[in-house]
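Breakdown of the fold
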Amino acid sequence: MSYEFRVSEFEMDHEAYMDFLLRHHDELNLPYTFGMKLSFISSPLFLGKAMLIINEESYDMVGAAGFGYGTGPDDYEDQHICQIEVAFIEKELRGSTLFVQGLRALVHAIKAGNPDVRQVQFWASAAEEELDRLFAKFLALPGSTKSIVNHLALFTIPFHELEAYCNRLR
């Protein structure tokens, strides 16, 4: 199967992004109230970029990702940090090469939006054991860290290491 990775530019893309993630909000495993989830998934539309993953045959959305530049504690002035707010691929496609393709597209979109990004970070539930294998790959990259804060894990990865990792994946 072929997929299109499209950065959301138009109102119809924003709507498709929000609709897709709202339909899957329970599967995002975000330990927040619905209002907080809504804030996290919508913030890339204002503070960064949203990416749609579309099956080119059926033209159905099968995934989405969103990120912003800067962090709340520093009033979004720390633009060298890119925070991934959400990344979701439909369950039946997670074991496929779609993840690798999506990660490459995400890294490309981050760099295109701000070539000065030096760090990527994201939060996940500290109890998400099924994701430990995936996150271990990121933690194996030089300079990557994991910190536990209130039952959440904060992962930080040097952007150039993530970019090099994507270039090695085939």
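Summary of the structure given here. (Residues numbered from 1 in each chain as written. Predicted model: local features only at pLDDT ≥ 70, side-chain atom pairs only at ≥ 80, totals over all residues. Heavy atoms only, no water.)

To continue, consider the state of the cysteines. Going through the model one piece at a time under the given rule, you end up with 0 disulfides. The structure places no disulfide on Cys 82, whose sulfur is separated from the nearest cysteine sulfur, that of Cys 166, by 12 Å. Owing to a relative accessible area of 3%, Cys 166 belongs among the buried residues under this scheme. (Disulfide = S-S within 2.5 Å. Buried < 20%, exposed > 50% of the residue type's maximum accessible area, 1.4 Å probe, protein only.)

Note that Ser 43 resides in the loop between α2 (34-42) and α3 (44-47). Once you skip the residues sitting within four places of it in the chain, Ser 43 turns out to touch Gly 48 and Glu 85. (Helix = DSSP H or I, 4+ residues; strand = E, 2+ residues; numbered from the N terminus. Contact = heavy atoms within 4.5 Å.)

The strand order β1-β2-β3-β4-β5-β7-β6 describes an open sheet built from 7 strands, whose pairing is mixed. The open sheet is flanked by β1 (3-7) and β6 (145-149), the only strands paired with a single partner. Taken pair by pair, the neighbouring strands of this sheet meet at an average axis angle of 20°, ignoring direction. As paired strands, strand β4 (residues 81-89) and strand β5 (residues 119-125) are joined by 4 bridges and run parallel to one another. Counted as the bridge partner of Cys 82 is Val 120 from β5. Contacts from helix α1 (residues 11-23) reach β1, β2 (48-55), β3 (61-69) and β4, with the element oriented near 105° to β3. (Pairing = 2+ DSSP bridges. Axes fitted to C-alpha atoms, helices over the stretch in contact; angles between N-to-C directions.)

Residue placement: Leu 93 occurs in the loop between β4 and α4 (98-113). With 31 residues separating them in the primary sequence, Leu 93 and Val 62 have C-alpha atoms 8.1 Å apart.

Two elements in contact, α4 and helix α6 (residues 159-168), have axes separated by 10 Å at closest approach and are oriented at 140°. Judged by the angle between their axes, α4 and α6 are oblique. α6 is crossed by α4, and the crossing has left-handed handedness. Residues Leu 103, Arg 104, Val 107, Ile 110 and Lys 111 of α4 lie in contact with α6, whose contacting residues are Phe 159, Leu 162, Glu 163, Tyr 165 and Cys 166. (Parallel < 35°, antiparallel > 145°, perpendicular 65-115°, else oblique. Left-handed = near helix turned anticlockwise from the far one by under 90°.)

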